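Listed here are the chains, written in short residue letters.
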Amino acid sequence: EISRQNVRNAALLVALTLIFLVAGFLALSHLRDLRKIRIQMQRERQKLDETNVALKQVDDELQLRLDQERIDRAEHEWLTSSVRSISSQIKSTIDPDTIAESLIEGLGRALKVDVVLFYSFPNFPMERLWKQWHKSSGIDVEESLVVDNESDLFRLTEHLWNKKRNVIVNDSQLIDVSNDPLPKLAAITQMRARSWVLVPLGAGTQVLGCLGVGMFEEARVWTKSEIELIQKVDSEVADVFIQARLFRQSMQIAENDAEVNRLVELDKVKNDVIENLNHELR
C-alpha cells in the first residue's frame, strides 16, 4: 500500500511538474506574443505620429500656398488696376515727354521700385528722350552715362527685341560680369543697381528704345505679374508713340496742304491782278 501510495504521489508530482512546465511554456509564449504586440503597437503609433506630422506639414504647405495665391491674386488685381491707370494716362496725350513721364512714374509707384529709366535711341521717329523717375530725390543717373555707352545699349536692346526676350536680374552681386559679351555695360549696371529689369521698346523690326526698372541696394525676385505689367505698358507706349508720330505727320501734311492751298489762292489772286492790269493797259 505504501509503495502504491508512493507511486501515485510520484505520478501526481510528475503530472504537476508537466502541468507547470506546460503552463510556464504557455506563459512564456504569451509574453513573447504580448511583447510582439507591444512592439507592433509602438511601430504603428510611430507610423501614426509620422503620418500626423506629414499631414500637418501638408496642411501648413497648403495654407502657405493658399496665402501666397491670395497675395498673388491681390497683387495681380493691383497691377491690373495700375496698368489701366497708366494706359489711360499715356493714351490721353500725344506729347512724347508727357507720355514718357506718365509711364515711368506710374511704373515706379505700381512696382514700388527705386528707379525707372526710359531712353529712346536717335533713330527713333521722335526726338531723343531721356526720362528717369526715382523714389527718393538726389539719386539721378547721368544722361552722359547712357549716351557714352549708347552703341552697346543699342546692340543689347536690338538683340533682346529680335529674340523677344528681356533681361531679368534678381541679384547682380551673384553675376560674373567677366564673361559677359558687353562687360563694360554689365559692370556699370552691376555697380549702379542690385536688382533690375530691362525691356526693349520697338515696333515691327525697328528698335525704338528701352525701359529699365531697378532696385539700388535690395535684391528682389521679380514675379511673373510684374514682368507682364512692364511688358504690357512697354508695348502700349510703343503703340502710342507710333500713333503720335502718325498724328504729327498727318498734322504736318494738313499744314502743308493748307499752305499749298494758300499759295495757290495767292497765285490765283496774283494772276487775276495781272490780268486786270493787262486789260486796263490795253
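Residues numbered from 1 in each chain as written. Predicted model: local features only at pLDDT ≥ 70, side-chain atom pairs only at ≥ 80, totals over all residues. Heavy atoms only, no water.

Undergrad: Please explain the overall build of the protein chain as it appears in this structure.
TA: Scanning the protein chain from N- to C-terminus turns up six helices and five strands. From first element to last, N terminus to C terminus, the protein chain shows the α and β order α-α-β-β-α-α-β-α-β-β-α. Taking all contacts inside the protein chain whose residues are at least 6 apart in sequence as the whole, residues at least 24 apart take part in 66%. Accessible area of the protein chain: about 19,000 Å², with a carbon and sulfur share of 57%. (Helix = DSSP H or I, 4+ residues; strand = E, 2+ residues; numbered from the N terminus. Contact = heavy atoms within 4.5 Å. Areas by Shrake-Rupley, 256 points an atom, 1.4 Å probe, with all protein chains shown as cover.)

Undergrad: Which parts of the structure should I look at to understand the side chain of T157?
TA: Position of T157 relative to the elements: it lies in helix 4 (residues 150–163). Classification of T157 as buried rests on a relative accessible area of 1%. Of note is the side chain of T157, whose polar atom sits 2.7 Å from the backbone oxygen of L153. With residues up to four places along the chain from it excluded, the contact list for T157 reads F121, P200, L201, V207, G209 and C210. (Buried < 20%, exposed > 50% of the residue type's maximum accessible area, 1.4 Å probe, protein only. Polar contact = N/O pair within 3.5 Å; in protein donor to acceptor, adjacent residues only side chain to side chain.)

Undergrad: Would you mind showing me how to read the sheet that holds strand 3 (residues 167–169) here?
TA: What holds strands together in a sheet is hydrogen bonding between their backbones, with the strands either parallel or antiparallel. Reading across the sheet, the five strands line up as 2-1-5-4-3 and stay open at both edges, with antiparallel pairing between neighbours. For this open sheet the edge positions go to strand 2 (130–134) and strand 3, each flanked by a neighbour on one side alone. Neighbour-to-neighbour, the strand axes of this sheet turn through a mean angle of 10°, independent of strand direction. Strands strand 1 (115–120), strand 2 and strand 5 (206–215) of the sheet are contacted by helix 2 (residues 96–111), whose axis makes an angle of about 25° with strand 2. (Pairing = 2+ DSSP bridges. Axes fitted to C-alpha atoms, helices over the stretch in contact; angles between N-to-C directions.)

Undergrad: Would you mind showing me how to read unusual backbone geometry here?
TA: A negative phi holds for most residues other than glycine; trans holds for most peptide bonds. Located in the positive-phi region is K112, a residue other than glycine, with phi close to 55°. Positionally, K112 belongs in the loop between helix 2 and strand 1. Despite not being glycine, K164 shows a phi value in the positive range, around 55°. For K164, the location among the structural elements is in the loop between helix 4 and strand 3. Residue classification places K164 among the exposed residues on the basis of a relative accessible area of 62%.

Undergrad: Where do I start with the pairing of strand 5 in this structure?
TA: Remark: a regular strand shows side chains that alternate across the two faces of the sheet. For strand 5, a buried count of nine out of 10 residues is recorded, marking the element as mostly surrounded by other parts of the structure. Of the strand pairs in this sheet, strand 1 and strand 5 are connected by six bridges, and their pairing is antiparallel. Paired with L117 across the two strands is G212, which belongs to strand 5. Both strand 4 (residues 195–203) and strand 5 contribute to a ladder of nine bridges, which runs antiparallel. Bridge pairing in strand 5 places V197 opposite V213. The hairpin formed by strand 4 and strand 5 contains two residues between the paired strands, and G204 there has a positive phi angle of roughly 65°.

Undergrad: Help me out: how do you make sense of the environment of L153 in this one?
TA: With respect to the helices, strands and loops of the structure, L153 is situated in helix 4. Linking L153 and F121, residues 32 residues apart in sequence, is a C-alpha distance of 9.4 Å. Setting aside its immediate chain neighbours within four residues, L153 contacts Y119, F121, V146, L185 and C210.

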